[in-house]
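Close look at the chain arrangement
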Amino acid sequence: MADAKVIPFDDDRSRTRRRPVRDDGREAAVRALPAQAAVPEAGEGQEPRPGAGAAPRAGWDRALAGGLAFLRRRVTGEYEVDEFGYDEELTDQVLMSLLRPVAEKYFRVEVKGVENIPKDGGALVVANHSGTLPLDGLMMQVAVHDHHPAGRHLRLLAADLVFMLPVINELARKAGHTLACAEDAERLLRAGEIVGVMPEGFKGIGKPFAERYKLQRFGRGGFVSTALRAGVPIVPCSIVGAEEIYPMLGNAKTLARLLGLPYFPLTPTFPWLGPLGALPLPTKWTIQFGEPIPTDGYPLEAAEDPMLMFNLTDQVREQIQHTLYKLLVQRRSVFF
């Protein structure tokens, strides 16, 4: 398979749909689909023809042509990725298509307040983390892409472990995820991207079921410092429903150490039911994006003020926690 063309991250084309390019660097010609044959109208010497099946056939023809063109570009390498490995075309046409039914049909995710994410420019979305496996990050990515009026993409900051796993590493890069470090985050934010971070990390996603919806520590406020340096707003995000997909009743610490994992979950179904136990429970989710907290009014040296870091971090954490409690009170059932 040919290599994809890598474009500089700060190239202004990164925010628009990119045209295929050939191996010599020139823009590839795009051949228009053949026009559909006109259907004769009744009264012109021919019998009237039912048109109910024409539109679906045309739609299938276009979908097939688009799919074949997509496969050709993947084989020939006539697609582009940015310097982080993000493949917008693959994400939109394949990865989102696979995740969307999970969000809409399985978890029935209800999205609120997505208009609080700016229509353009950078922003840092800060969310709670839970669920034993990081499905909450993927569902948040679908929520932003499918529900935001501008159809924006969320670039998630992921832990080192994600990029050490075979296959997962490659898919994460293609989907726009990058290492959870200040340098990468600031570069993305300055380029006008929406960046998602879950400061609780493994302490949040691997906490016992008895501590569900109780936020863990948000670290030392590194995400606040990054937002201040980039001058972008912080958007708190609260996710309800993920805590119950894999109720973590215990942690096999010895086994986790042997496997090099931060924890090895014991749930009512895993590992007792084998692979079937890895199926998440079909809980009902709500993802709410809160009012943005602006940072562009602070001076440049504010990013080095530890007291300000602590206060803003605590403000974001409290807003997320308060919203979680409010959503839990409003929830009728874990599954409905």
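In case you missed it, the structure is sitting above this.
Predicted, not measured: the structure shown is a model, and the values here were computed from it.

Another point: a nonpolar patch on the surface. Residues L255, L258, L259 and L261 make up a contiguous nonpolar surface patch of about 380 Å² in total accessible area. Looking at where L259 falls in the secondary structure, it is placed in helix α8 (residues 253–259).

Judged by nonpolar contacts, the single largest core of 30 residues is most densely connected at L124, V126, F223 and V316. Where this core is concerned, the elements lending two or more residues are β4 (123–127), α5 (182–190), β7 (194–197), α7 (222–230), β8 (234–240) and α9 (306–330). It is α9 that contributes the most residues to this core, seven residues altogether. The next biggest cluster of nonpolar side chains, apart from the first, holds 28 residues, and it includes V109, V114, A127 and V142.

This brings us to the packing of aromatic side chains. The full count for this structure, using the stated rule, is four aromatic pairs. With 4.6 Å between their ring centres and 25 degrees between their planes, F107 and W285 make a pair best called stacked. Separated by 178 residues along the polypeptide, F107 in the loop between α2 (88–106) and β3 (110–112) and W285 in the loop between β10 (265–266) and β11 (286–289) bring together distant segments of the chain. In this structure W285 comes out as buried when scored by relative accessible area, which is 0%. With a centroid separation of 6.1 Å and 75 degrees between ring planes, the pair formed by F218 and F223 is classed as edge-to-face. Each member of the pair, F218 together with F223, is buried. Of the aromatic side chains, those joined through ring pairs into one cluster are Y106, F107 and W285.

This part takes up the sheet that holds β11. Pairing in this open sheet of seven strands is mixed, and the strands run β3-β11-β8-β4-β7-β5-β6 from one edge to the other. Only two strands of the sheet have a single partner each, and these edge strands are β3 and β6 (178–179). Pairing of β3 with β11 involves three bridges; the strand directions are parallel. Paired with K112 across the two strands is Q288, which belongs to β11. Sitting on the sheet, α7 touches β4, β7 and β8, and the angle it makes with β4 is about 165 degrees.

Here the focus is the pattern of salt bridges. In this structure the tally under the stated criterion is ten salt bridges. Residue D87 pairs with K174 through a salt bridge whose shortest N-O separation is 3.9 Å. With D87 in the loop between β2 (80–82) and α2 and K174 in helix α4 (residues 168–174), this residue pair connects regions lying 87 residues apart in the sequence. Residues R229 and E186 are paired through a salt bridge, measuring 3.1 Å at the closest nitrogen-oxygen approach. Here the residue R229 occupies a position in helix α7, and E186 occupies one in helix α5, the gap between them amounting to 43 residues. On the basis of relative accessible area, E186 is assigned to the buried category, the value being 17%. Shared partners join several salt bridges into a network, and the residues in it are E186, R190 and R229.

For the rest of this paragraph, the subject is unusual backbone geometry. Among all residues save glycine, negative phi is the norm, and among peptide bonds the norm is trans. For the peptide bond that leads from F270 to P271, omega is 5 degrees, which places it in the cis range. Within the secondary structure, P271 is located in the loop between β10 and β11. You will see that V167, though not glycine, has its phi angle at about 70 degrees, which is positive. For V167, the location among the structural elements is in the loop between β5 (154–158) and α4. For V167, a relative accessible area of 59% translates into the label exposed. Of note in this structure, Y213 is not a glycine but carries a positive phi near 65 degrees. Note that Y213 resides in the loop between α6 (202–205) and α7.

Quick look at the pairing of β4 now. Burial analysis of β4 places five of its five residues in the buried class, which makes it a mostly covered element. Relative to β7, β4 runs parallel, the two being bridged by four bridges. Each residue of the ladder has a partner; that of L124, found in β7, is V195. In terms of strand pairing, β4 meets β8 through four bridges, oriented parallel. For V126, the partnering residue across the bridge sits in β8 and is P236.

Conventions used here
- Residues numbered from 1 in each chain as written.
- Predicted model: local features only at pLDDT ≥ 70, side-chain atom pairs only at ≥ 80, totals over all residues.
- Heavy atoms only, no water.
- Patch = residues over 30% accessible without salt bridge, like charges linked within 9 Å, V, L, I, M, F, W, Y side chains within 5 Å.
- Areas by Shrake-Rupley, 256 points an atom, 1.4 Å probe, with all protein chains shown as cover.
- Salt bridge = Lys/Arg side-chain N within 4 Å of Asp/Glu carboxyl O.
- Helix = DSSP H or I, 4+ residues; strand = E, 2+ residues; numbered from the N terminus.
- Core = buried A, V, L, I, M, F, W, Y, C linked by side-chain atoms within 4.5 Å.
- Buried < 20%, exposed > 50% of the residue type's maximum accessible area, 1.4 Å probe, protein only.
- Phe/Tyr/Trp six-rings, centres within 6.5 Å; stacked < 30°, edge-to-face > 60°.
- Pairing = 2+ DSSP bridges.
- Contact = heavy atoms within 4.5 Å.
- Axes fitted to C-alpha atoms, helices over the stretch in contact; angles between N-to-C directions.

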